[in-house]
Amino acid sequence: MALPLPAALPFSMALPLPTRSLASDTAALLTEYLPSPFPLLGAIDRSIPIPIKQLVAEAPLNRVFAEAIAEGEFDDFEGRRIRLEVNGGHPGITFGFWAGRLRVLDGPGEATIRGSLSAFKTLSARQQDPDQLFFQRLLMIEGDTELGLALKNLLDSLEWDFNIRQLLFF
């Protein structure tokens, strides 16, 4: 014997459909089917001479961390080289601390911190605990792990704001 169905439900069964814009649909489609831009970015990165990279990156880095540098927080990193690199050996930057300044250097680092672009963005915006990014394997340290962990701990302990105005204006 079949049970009778209720004539009407007390609430609407209509589920809201996700609203997505044409721009987000197009971006998702391009992301899925176009080749990765990282090889092209890597080629561009390798073609830029190191003095240009130094000119563009050193002053903003030193402005962002000026207070910590003045307080001697970076002194343990004197003469050391650390590389930040996007997954797959693509664009990255090697920097060190010499004579009281952060410097952009050419070549590999003693320690390499590697991760996705979104993981570095999350780290710089301080949206997630750095330890979580490492435990989730979104960021990895290779080479001198003690040096990499010391940098991670230093950056985690500092009060710094990575905003575009501080980077662009002198």
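It should be noted that the structure appears before, not after, this text.
Definitions and limits used
- Residues numbered from 1 in each chain as written.
- Predicted model: local features only at pLDDT ≥ 70, side-chain atom pairs only at ≥ 80, totals over all residues.
- Heavy atoms only, no water.
- Core = buried A, V, L, I, M, F, W, Y, C linked by side-chain atoms within 4.5 Å.
- Buried < 20%, exposed > 50% of the residue type's maximum accessible area, 1.4 Å probe, protein only.
- Helix = DSSP H or I, 4+ residues; strand = E, 2+ residues; numbered from the N terminus.
- Contact = heavy atoms within 4.5 Å.

Observations concerning the nonpolar core
- Of all hydrophobic cores here, the largest spans 22 residues; its most connected members are Phe 65, Phe 74, Phe 77, Leu 102, Ile 113 and Leu 139.
- Those elements that provide at least two residues to this core are α4 (66–70), β2 (92–98), β4 (111–115), α5 (117–125), α6 (130–135), β5 (139–143) and α7 (145–157).
- It is α7 that contributes the most residues to this core, 3 residues altogether.
- Not counting chain neighbours up to four residues away, the residues in contact with Leu 102 comprise Glu 58, Leu 61, Asn 62, Phe 65, Ile 69, Phe 74, Phe 95, Gly 96 and Phe 97.

Things to note about the environment of Phe 65
- For Phe 65, the location among the structural elements is in the loop between α3 (50–64) and α4.
- Residues Phe 65 and Leu 102, 37 residues apart in the sequence, show an inter-C-alpha distance of 8.8 Å.

Considering the environment of Leu 84
- Among the secondary structure elements, Leu 84 is positioned in strand β1 (residues 81–86).
- Relative accessible area serves as the criterion here: at 26%, Leu 84 is assigned to the partly exposed category.
- With 36 residues separating them in the primary sequence, Leu 84 and Phe 120 have C-alpha atoms 9.0 Å apart.

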